[in-house]
Amino acid sequence: MALAYDAAGDGPALVLLHSAVCDRRMWDPQWPALVDAGYRVVRCDFRGFGGTPLPDRLHNDAEDALDLLDALGIEQAALIASSYGGRVAVEIAARCPDRVSAMALLCAGLPGHGPSDELRAFGEREAALLEAGDIARAVELNVDTWLGPDADQTIRQEVRGMQRHAFEVQLAAPEGAGRNEVGIDLSAIKAPCLALSGGHDMADFRQIAARLPGLLADARHLELPWAGHLPSLERPAAVTDLLTGFLRETVPAG
């Protein structure tokens, strides 16, 4: 299998998709609770993150995730996805609507979203630091930008380590590596969706979450006033309760 992954538990399948600041370890706080709630839980590292290297060719993260489901014999799964992982989840649900039973999107990206000046400026600053070889400052830029005020020093250090590892893997990418983007039709999505946003997050992601009920057939938006961009790490217990409650409504276990 191309993607590094973990799988545990029995019951309805549940796939955790990480943000581009982290890797599959970001779900450590939720992992045992979701397994104990009666789900077969899978989490993976996208290419260029955690334990998954980049290939010397273009790849598509949604196709990789679907290939993983095929390899595990999973015909349908609920998706819990953070940030960039949310963008991937939306692509999966649009391309293969019958394979997604429900989606919980945490401060998600959205295919086709045009970045604001603020988000574009962040990307330019990050790229300039990496081009200058200053990985440490690029890491701190991400930690300071994406973690909200409730993130303690332990969480900040964990995100720091995941982001630094991702940069190191991606900067060593072989020639020809990169993401292959495809167009999608949001109207094809059938799965019920919970879209969470953070009151301290960048406006792009708050706006995406607020728009989703008007774009998807069955979606509701909830803003967490205390949260930054990574609420599952900032207040893990509170987010775990929200996720298990949503799953009980949409994909009950047992």
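Residues numbered from 1 in each chain as written. Predicted model: local features only at pLDDT ≥ 70, side-chain atom pairs only at ≥ 80, totals over all residues. Heavy atoms only, no water.

Quick notes on the pairing of strand E8 (residues 193–198)
Here comes step 1: Burial of E8 is extensive: six of the six residues sit out of reach of the surface.
Here comes step 2: By the alternation rule, side chains of E8 split into Cys193, Ala195 and Ser197 and Leu194, Leu196 and Gly198, which are all buried.
Here comes step 3: Relative to E8, strand E6 (residues 100–106) runs parallel, the two sharing four bridges. Bridge assignment links Leu105 to a residue of E8, and that residue is Ala195. (Buried < 20%, exposed > 50% of the residue type's maximum accessible area, 1.4 Å probe, protein only. Helix = DSSP H or I, 4+ residues; strand = E, 2+ residues; numbered from the N terminus. Pairing = 2+ DSSP bridges.)

Focus on unusual backbone geometry
Here comes step 1: Non-glycine residue Ser83 carries a positive phi angle of around 55°.
Here comes step 2: Residue placement: Ser83 occurs in the loop between strand E5 (77–82) and helix H3 (84–95).
Here comes step 3: Despite not being glycine, Cys107 has its phi angle at roughly 50°, a positive value.
Here comes step 4: Mapped onto the elements, Cys107 comes out in the loop between E6 and helix H4 (117–131).

A closer look at H3
Here comes step 1: Between its first and last C-alpha atoms H3 spans 17 Å; for 12 residues at 1.5 Å apiece the expected length is 16 Å, and the two agree.
Here comes step 2: The inward-facing, buried residues of H3 contact strand E2 (13–17), helix H2 (61–71), E5, E6 and strand E7 (178–179). (Expected span 1.5 Å × (residues − 1). Contact = heavy atoms within 4.5 Å.)

A short note on the packing of helix H5 (residues 135–146) against helix H6 (residues 153–171)
Here comes step 1: Following both chains from N to C, one finds H5 and H6 inclined at 130°, their axes separated by 9 Å at the closest point. With respect to each other, H5 and H6 are oriented oblique. Like other packed secondary-structure pairs, H5 and H6 cross with a definite hand, here right-handed. For the pair H5 and H6, the contacting residues are Ile135, Ala136, Ala138, Val139, Glu140, Asn142, Val143 and Asp144 in the first and Arg156, Val159, Arg160, Gln163, Arg164, Phe167, Glu168 and Leu171 in the second.
Here comes step 2: The residue makeup of the contact of H5 with H6, split by class, is eight nonpolar, two polar and six charged. (Axes fitted to C-alpha atoms, helices over the stretch in contact; angles between N-to-C directions. Parallel < 35°, antiparallel > 145°, perpendicular 65-115°, else oblique. Left-handed = near helix turned anticlockwise from the far one by under 90°. Nonpolar A, V, L, I, M, F, W, Y, C, P; charged D, E, K, R; others polar.)

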